[in-house]
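Analysis of the macromolecular model
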Amino acid sequence: MEAVHDHSHDHHVPTGIMRYVTTTNHKDIGSMYLWFSFAMFLVGGVMALVIRAELFQPGLQVVEPEFFNQMTTLHGLIMVFGAIMPAFVGFANWQIPMMIGAPDMAFPRMNNWSFWLLPPAGILLMGSLLAPGGAGGVGWTMYAPLTIQQGMGMDMMIFAIHILGMSSIMGSINIITTILNMRAPGMTMMKMPLFVWTWLITAYLLVASMPVLAGAVTMTLTDRHFGTHFFNAAGGGDPVLYQHIFWFFGHPEVYIIAIPAFGVISEVIPTFSRKPLFGYPSMVYATASIAILSFLVWAHHMYTVGMPVEAQLYYMFATMLIAIPTGVKVFNWVATMWKGSMSFETPMLFAQGFLFLFTIGGFTGLVLAVTPIDIQLHDTYYVVAHFHYVMVAGALFAAFAGVYYWLPKWIGKMYDERLGKIHFWLSLTFFNITFFVQHFLGLAGMPRRIPDYALQFADWNMVSSIGAFGFGLSQVFFLYILLKAIRSGEKAPEQPWDGATTLEWTHLPTPAPYHSFETPPDLRK
Amino acid sequence: MKSSFSLRALGIIMAFLPAMATAEWNLNFTPSVTLLGEEIHAIHNLVMWIIVGISIVVFGAMFWSILKHRKSVGHKASNFHENTTIEIIWTVIPVVILIAMAFPATRLLLATRDSSASDMTIKATGYQWRWGYEYLDEGLKFYSTLATPRDQIDGGAEKEKTYLLEVDNKVVVPVGKKVRILTTSNDVIHAWSVPGLAVKQDAIPGFIRDIAFKAETIGTYRGQCYELCGKEHGFMPIVVEVVSEEDYQTWMQAKLAESGAPSFDPDKEYAVAELVAAGEQVYNANCIACHQEGGVGMPPTFPAIKGGKIATGSMEGHLDIILNGSDKNPMMAAWGPILSDYDIAAVIAYQRNEINSSGDIIQPSEISAARTD
């Protein structure tokens, strides 16, 4: 503790808005990332509710089919690139320096720039709705050649993705450098908290895969405007080439979203089980092998394009392999809880919700891994249900767990435990009402991305829409809980979680000082 | 107060009853009428049982520890955090389960992808937004377009049982014959799929892919486009009617006779009223999705026909854009290959005389001349 001094008096820090525009502090930047992602989460959520409102009943009642397609497209892009990814970068900014005993991120100015690229990208994405012809109505996967037919909203989306990609790559370089170079003495790689490990692996995934996406959308751009024919068979190209390039990015992207979530859960479960994480080395190896495998299975998203059956067999076997390290992780979490002394504060509740629902998402992943079954379910609501179990119950629940867990450290105040628990139970209930029934719709054959449907799909769609509005309102309630904690939360005790063992809890006061560790703690003993 | 609330709630529920009455609360796959489809359902059941087994073990352990190993019941934490034996066991057991799954999956995948030795071949071409079919052996060609009336979609008209799953021209195939479907596309990627026949194949512009099925039961099977293909993606269904061999031959002969004899006289001078009336049908089947009722369009992507430059301008320009599509706006498809001379003459008459009032028409014979230019 003696390593910590309050140095804020000898800095001339700008105040007001300029503090945030010019800041190079990892905590300010982390907060901005988190608030930005929450704002995008609400915007993307409203779009999801437009979709669910239209699908409440058969027939076209609320929006035109074209606008519906723009909603599905922007909902996907905003949630993936605007909400979930920045949320975990926000966690990385706040937590990594504190968890490895560093004063700040390695490149503070680049850190500022990586954040401030996000708002223009968000404005481009949302502003595309106002372009002549509206946003691209092509799905977040942006398959060629449908992208060729779109208006200038499509170009705005492409530039938004370029900017988001730059931001992600700079953020990743920063994270990798910080973790590899700025650990406190004695913090060896295999002593790092698992959250730090998962971010190190994720950052490599980002650096390797974002340029591939940038390439895919740039080729789309030149096909649209500069006469190239990358994806046009008439000019010697191939529309399926786009899908290969996109999913070479897209599958690692799934793990870019999931792996930091694994990291948060691997911190929360041991803390509230009051027991060390079971199988730490195997967790690290399992995460790394998931990351490597994620580059080798991309074409399992495109079994119906007519690839050779030999290729389908390869992708089926490789995809099944992912079940093994994923299983190891789930088993390790359960073994961590086993014979622990568990308590169920809100972060632990969300971690348990994650564990239960993410495992269900893993099970449906196993179903989809079997190619003949996948072909039946491809582009149906079964896939929609599957990836929302992984993205919402997986990544989003983990993010909630992380916010409730670290909020006392960040702001020095407690959230309202009773309201937090209500938020959890509402989210859990409405999530399942929304998405569990979509498995049935998919099995019955309802295609994705349709604004209107045949009558045999009417029942479950109505149930799903009711659940979606409940889920949306529950998240407005989360905003209330946050604001209440910030404005009038009780002062947090020095150590709100008695089971926490990582540096931010053991070596820093609550709330954490503006500069974390000006002198690194010595952990060599 | 309370009773009025429950009355209102009842009213809301009553309002939804029509939808609920037709609902089916499906929980599983559409029953399949192909043997391979049944095998796919069987392997899905197998995987589901494996999942049930794993769930009992994993969630059992999870909920047991949640109930028993909690601080509130006074459980003291152990401190163990590794056990090499158990880690090896829970790595090896999934490997064994996956290998057990991989064998039947591989065999079934190879069977589903075998389109050799088929009895007949039909080419299915995706268009924005309809399917074109060509029976390659007989040379029969036709288009298959959504037949659900617009007032069921947009308005309050009662929805028929096959809402959104009805077409003007069905694909007819004989029972017990292996049918090979070649898929391709005229514009963007579509996907041809009929769940009851357990087939799904993308239709990719510039490439031809194939898939095969053998229906064992006579009946009508309905499917949809499964790859986002633009605005009307949800409105291009597929209907396959499986009939007896005799009925198939009868249908084929009738269809060939119908397509051989043009339904219009290529040399006749048609009157304005007749063309306008026919043109309204053509417009409603083909143009209305984008250009909207009354030709108001949805600018800028879908320009207005009412008062628009093209429909009020020169006849040559109007005919050209319908026959060949637009160079500037890729959303405007070339209708020359899809519509007959008569249909084009009719829709031009409708656009120029009903939606606009330029008063001129063009005869089918002039269109066939324009095609050969």
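Residues numbered from 1 in each chain as written. Chains lettered and ligands numbered in written order. Predicted model: local features only at pLDDT ≥ 70, side-chain atom pairs only at ≥ 80, totals over all residues. Heavy atoms only, no water.

1. What to know about the overall build of chain A
In terms of regular secondary structure, chain A is built from 16 helices and zero strands. Overall size of chain A, expressed as C-alpha extent along the three principal axes, is 70 × 50 × 45 Å. A burial count over chain A gives 69% of its 525 residues as buried. Pairs at least 24 residues apart make up 82% of the contacts formed inside chain A by residues separated by at least 6 positions. A total of about 16,200 Å² of accessible surface is found on chain A, and carbon and sulfur atoms cover 71% of it. Of the side-chain charges in chain A, 22 are positive and 27 negative, and the distance between the mean point of each set is 10 Å. (Helix = DSSP H or I, 4+ residues; strand = E, 2+ residues; numbered from the N terminus. Buried < 20%, exposed > 50% of the residue type's maximum accessible area, 1.4 Å probe, protein only. Contact = heavy atoms within 4.5 Å. Areas by Shrake-Rupley, 256 points an atom, 1.4 Å probe, with all protein chains shown as cover. Lys, Arg positive; Asp, Glu negative; His and termini not counted. Charge placed at Lys NZ, Arg CZ, Asp CG, Glu CD.)

2. Details of the sheet that holds strand 10 (residues 238–243) of chain B
Residues and elements named next belong to chain B. Spatially, 4-10-9-6-7 is the arrangement adopted by the five strands of the open sheet, whose pairing is mixed. The sheet is open, and its two edges are formed by strand 4 (171–174) and strand 7 (199–203), each paired on a single side. When strand polarity is set aside, the average angle formed by the axes of neighbouring strands in this sheet is 25°. Pairing analysis gives four bridges linking strand 4 to strand 10, with the strands arranged parallel. Bridging from a neighbouring strand, V171 pairs with V240 of strand 10. (Pairing = 2+ DSSP bridges. Axes fitted to C-alpha atoms, helices over the stretch in contact; angles between N-to-C directions.)

3. So, the interface of chain A and chain B
Counting from both sides, the interface comprises 101 residues of chain A and, opposite them, 97 residues of chain B. Carbon and sulfur atoms make up 70% of the surface buried where chain A meets chain B, a total of about 8,500 Å² over both sides. Where chain A meets chain B, there are zero salt bridges. Where chain A touches chain B, the interface holds 26 residue pairs in polar contact (both at pLDDT 80 or more). Secondary-structure elements contributing two or more residues to the side of chain A that touches chain B are helix 3 (65–100), helix 8 (239–273), helix 10 (309–337), helix 11 (346–369), helix 12 (371–377), helix 14 (417–443) and helix 15 (458–488) of chain A. (Buried area = accessible area lost by both parts, 1.4 Å probe. Salt bridge = Lys/Arg side-chain N within 4 Å of Asp/Glu carboxyl O. Polar contact = N/O pair within 3.5 Å; in protein donor to acceptor, adjacent residues only side chain to side chain.)

4. Let's talk about the nonpolar core
Grouped together as the largest cluster of nonpolar side chains are 264 residues, with contacts concentrated most on A:F81, A:F88, A:W199, A:W333, B:Y135, B:W192 and B:V240. It is helix 13 (residues 381–411) of chain A that contributes the most residues to this core, 22 residues altogether. Membership of the second largest hydrophobic core comes to 32 residues, among which are B:A278, B:C287, B:I338 and B:A346. (Core = buried A, V, L, I, M, F, W, Y, C linked by side-chain atoms within 4.5 Å.)

5. Some thoughts on the pairing of strand 2 (residues 130–135) of chain B
Residues and elements named next belong to chain B. Among the six residues of strand 2, five are classified as buried, and the element is accordingly described as predominantly covered. Of the strand pairs in this sheet, strand 1 (residues 120–127) and strand 2 are connected by six bridges, and their pairing is antiparallel. Along strand 2, the bridge assignment pairs I122 with Y135. Linkage of strand 1 to strand 2, two consecutive antiparallel strands, is achieved through a turn of two residues.

6. Notes on unusual backbone geometry
Residues and elements named next belong to chain A. Following A144, the chain continues into P145 via a peptide bond in cis, with omega recorded as -5°. Here P145 shows up in the loop between helix 5 (118–127) and helix 6 (152–181). Residue P511 is reached from T510 by a cis peptide bond, and omega for that bond is -5°. Along the chain, the position of P511 falls in the segment after helix 16 (503–506).

7. Brief notes about helix 11 of chain A
In this model, helix 11 of chain A (24 residues) spans 34 Å end to end at C-alpha, consistent with the 34 Å of a helix rising 1.5 Å per residue. With respect to burial, helix 11 of chain A is a largely interior element, 21 of its 24 residues being buried. (Expected span 1.5 Å × (residues − 1).)

8. Some thoughts on the sheet that holds strand 3 (residues 140–144) of chain B
Residue and element names in this part refer to chain B. Pairing in this open sheet of five strands is mixed, and the strands run 3-2-1-5-8 from one edge to the other. The sheet is open, and its two edges are formed by strand 3 and strand 8 (209–214), each paired on a single side. Recorded for the sheet is a direction-independent mean angle of 25° between the axes of neighbouring strands. Here six bridges tie strand 5 (residues 178–185) to strand 8, and the two strands are oriented antiparallel to one another. Note on strand 8: the bridge partner recorded for T183 is R209.

9. Focus: the environment of B:K328
Here B:K328 is to be found in the loop between helix 9 (315–324) and helix 10 (341–355). Taking the C-alpha atoms as reference, B:K328 lies 33 Å from B:F264; in sequence the two are 64 residues apart.

10. Some points on the side chain of A:T364
Residues and elements named next belong to chain A. Positionally, T364 belongs in helix 11. A polar contact of 2.8 Å, which involves the side chain of T364, links it to the side chain of H386. Among all residues touching T364, those that are not within four sequence positions of it are Y382, H386 and H439.

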